[in-house]
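# Structural characterization, general
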Amino acid sequence: KAKNIGRGQIVAYTATLSTDYDKRVALEHELQFALDNHELYLEYQPIVDPRSGRAICCEALLRWRHPTLGIIPPDVFIPIAEATGLIVPIGTWVLVTACTEAMTWHSDVKLAVNLSPVQFRRGREIVDLVTRILTTTGLPPRRLDLEITESVLLDDNAATMSLLEDLRSLGVGISLDDFGTGFASLAYLNDFPFSKIKIDRKFTQDIDESPRTLAIIKGISQIARELHIERVAEGIETFAQLERVQSFGINAIQGYVFSRPVAAAVLRELIKQPILPIVGSPSTATHHT
Ligand code: C2E
Ligand code: MG
Ligand code: MG
Ligand code: MG
């Protein structure tokens, strides 16, 4: 196949690569200053009890308002922050900011914060950090859920297990995020002290078409229920998907059907009332944002 690629195409291909590479190097450099320059901010997305419309929990989601490139999504800059170690100070800022914000909700609604595997590779630091932030912000531990992905578990089971247990004994919840996307096996549900699993959007997306996916979600949900683990379906976008998942033991829904991630001030108002699902196409609905 290679001989069919003309010279111009190779030049264009190389140019794209170097552009992406340059862009990453530039971002890597600029991310160092983003925190001090107040370019990072959080949005919050409610996780809703579909029967009452009440927000049970709200997830803090990090954004970077770059001075020239505009808003950069976390999928782009978190890997850079992890590779450079910047995720450690950034992650601390996220926890402090989100816990402080959650205190202004004046309700029992929980706060979910994502933790990077990098934050778990520093021994007891994460436990001490969470302890300190709960004390300084006054957030009751039962209102905090820490979200981790299975990549945290792959590192070193014995060490990770003891950190997770220490965190649980502070009274905070531990959620297994993006369940179903990687190697996370059912054994993890038994071995680690999770209070919640979040079934990934990749699964919930095609429940309309695929009876197999439907069966898998149903099964996972039933097992989790028997282990007294809460079940959240992520990425529910349509009313049809909402009706589907509600019938099989999912306690809570996070998705555009209820709300996109919104600014802190918008969320504070949003969670005062039951949130109605958006009937029709959520991609055209803008009333929450
Ligand atoms: P996540 O923790 O799985 O967060 C859920 C993601 O799904 C969010 O993307 C959210 O906006 C998106 N989402 C929710 N409902 C829907 C829906 O109905 N449809 C679609 N298409 N998407 C939906 P976001 O905000 O872009 O964040 C992406 C990922 O970045 C997060 O995935 C998380 O892994 C990471 N992340 C975000 N904030 C932080 C943070 O403060 N620290 C760390 N370590 N990671 C973070
Ligand atoms: Mg998450
Ligand atoms: Mg997720
Ligand atoms: Mg994710």
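Conventions used here
Residues numbered from 1 in each chain as written. Chains lettered and ligands numbered in written order. Predicted model: local features only at pLDDT ≥ 70, side-chain atom pairs only at ≥ 80, totals over all residues. Heavy atoms only, no water. Buried < 20%, exposed > 50% of the residue type's maximum accessible area, 1.4 Å probe, protein only. Helix = DSSP H or I, 4+ residues; strand = E, 2+ residues; numbered from the N terminus. Arc of directions from axis to C-beta. Contact = heavy atoms within 4.5 Å. Pairing = 2+ DSSP bridges. Near = heavy atom within 4 Å. Polar contact = N/O pair within 3.5 Å; in protein donor to acceptor, adjacent residues only side chain to side chain. Areas by Shrake-Rupley, 256 points an atom, 1.4 Å probe, with all protein chains shown as cover.

If you check an unreviewed UniProt entry, the protein appears there as EAL domain-containing protein from Pseudolabrys taiwanensis.

For the rest of this paragraph, the subject is helix 11 (residues 239–246). Those residues of helix 11 not exposed but buried are Gln 241, Leu 242 and Val 245. The arc that holds the buried residues of helix 11, viewed along the axis, is 100°, so those residues lie on one side. Where helix 11 is buried, its residues contact helix 9 (201–205), strand 8 (230–234) and strand 9 (252–254).

Once that is clear, we can look at the pairing of strand 1 (residues 40–48). Of all the nine residues making up strand 1, nine are buried; the element is thus mostly covered by neighbouring parts of the structure. By the alternation rule, side chains of strand 1 split into Leu 40, Leu 42, Tyr 44, Pro 46 and Val 48 and Tyr 41, Glu 43, Gln 45 and Ile 47, which are all buried. Sheet topology places strand 1 next to strand 2 (residues 55–66); nine bridges connect them, and they run antiparallel. Bridge pairing in strand 2 places Leu 42 opposite Leu 62. Hairpin remark: strand 1 followed by strand 2, antiparallel, with six residues in the connecting loop; positive phi at Gly 53, about 80°.

The next thing to look at is the site of ligand 1. Close to ligand 1 lie 23 residues; Arg 63, Asn 114, Asp 177, Glu 237 and Tyr 256 are nearest. For ligand 1, a nitrogen atom lies 3.1 Å from a polar atom in the side chain of Gln 45. With respect to ligand 1, the side chain of Asn 114 contributes an N or O atom lying 2.9 Å from an oxygen atom. Contact with the protein chains covers 86% of the free accessible surface of ligand 1, which is 810 Å².

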